[in-house]
Amino acid sequence: MAQGHRDTGGNSGEETTVVTQVMSDGSVLTTVYEGKCIVSQNKTHAANPEKIPTILSNQVEKSGKAVEGNEESLACAETASLMLNMLKS
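Please read all numbers here as calculations on a predicted model, not as lab measurements.

1. Quick word on the overall build of the protein chain
When helices and strands are counted, the protein chain shows one helix and four strands. Starting at the N terminus, the α and β elements of the protein chain follow one another as β-β-β-β-α. Put simply, 50% of the contacts in the protein chain that link residues at least 6 apart link residues at least 24 apart. Surface summary for the protein chain: the accessible area is close to 6500 Å², and the carbon and sulfur share equals 54%.

The following block contains the structure:
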């Protein structure tokens, strides 16, 4: 069983970003980043499992210390995700 991100109350000083992706098979992939590092990733079970589901939507939430230039890194990650999605179709 996958475990989600638990906030222990500590503050690493890094910006925390939560990316939630809804997939075409009904599953939801949630990835938590601290800075540029993935600290947690969780995927729900699919209603109608697909071998290679596509991403239907992305939701990005940020909190914590803002780092200059981080918006560019996130934009690159979103672009890479969309390009990978196009290759899988």
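Having seen the structure, we can now continue with the description.
2. A word on the sheet that holds strand 1 (residues 16–23)
In a beta sheet, neighbouring strands pair by backbone hydrogen bonds and run either parallel or antiparallel. An order of 3-2-1-4 is seen for the four strands of this open sheet, with the pairing classed as antiparallel. Lying at the two open borders of the sheet, with one neighbouring strand each, are strand 3 (37–43) and strand 4 (55–63). Adjacent strand axes in the sheet meet at a mean angle of 15°, parallel and antiparallel pairs treated alike. Bridging between strand 2 (residues 28–34) and strand 3 involves six bridges; their strand directions are antiparallel. Within the sheet, the bridge partner assigned to T30 lies in strand 3 and is N42.

3. Some words on the environment of N58
Residue position: N58 is located in strand 4. A residue is classified by how much of its surface remains accessible, and N58, at 32% relative accessible area, is partly exposed. Separated by 37 residues in the primary sequence, N58 and Q21 place their C-alpha atoms 4.6 Å from one another. Of the polar contacts made by the side chain of N58, one reaches the side chain of Q21; its length is 3.0 Å.

4. What about the pairing of strand 2?
Bridge count between strand 1 and strand 2: seven bridges; the pairing is antiparallel. Bridging from a neighbouring strand, V18 pairs with V32 of strand 2. Turn length for the strand 1-strand 2 hairpin, with the two strands adjacent in sequence and antiparallel, is four residues, and the turn residue G26 shows positive phi of about 95°.

5. Concerning the confidence of the model for the protein chain
Summarising the model, the protein chain shows a mean pLDDT of 77, and 57% of its residues fall at 70 or more. Note on residues 1–5: pLDDT under 50 across the span, and eight contacts to partners over four residues away in sequence or across chains.

Reading the values: the criteria
- Residues numbered from 1 in each chain as written.
- Predicted model: local features only at pLDDT ≥ 70, side-chain atom pairs only at ≥ 80, totals over all residues.
- Heavy atoms only, no water.
- Helix = DSSP H or I, 4+ residues; strand = E, 2+ residues; numbered from the N terminus.
- Contact = heavy atoms within 4.5 Å.
- Areas by Shrake-Rupley, 256 points an atom, 1.4 Å probe, with all protein chains shown as cover.
- Pairing = 2+ DSSP bridges.
- Axes fitted to C-alpha atoms, helices over the stretch in contact; angles between N-to-C directions.
- Buried < 20%, exposed > 50% of the residue type's maximum accessible area, 1.4 Å probe, protein only.
- Polar contact = N/O pair within 3.5 Å; in protein donor to acceptor, adjacent residues only side chain to side chain.
- pLDDT = per-residue confidence, 0-100.

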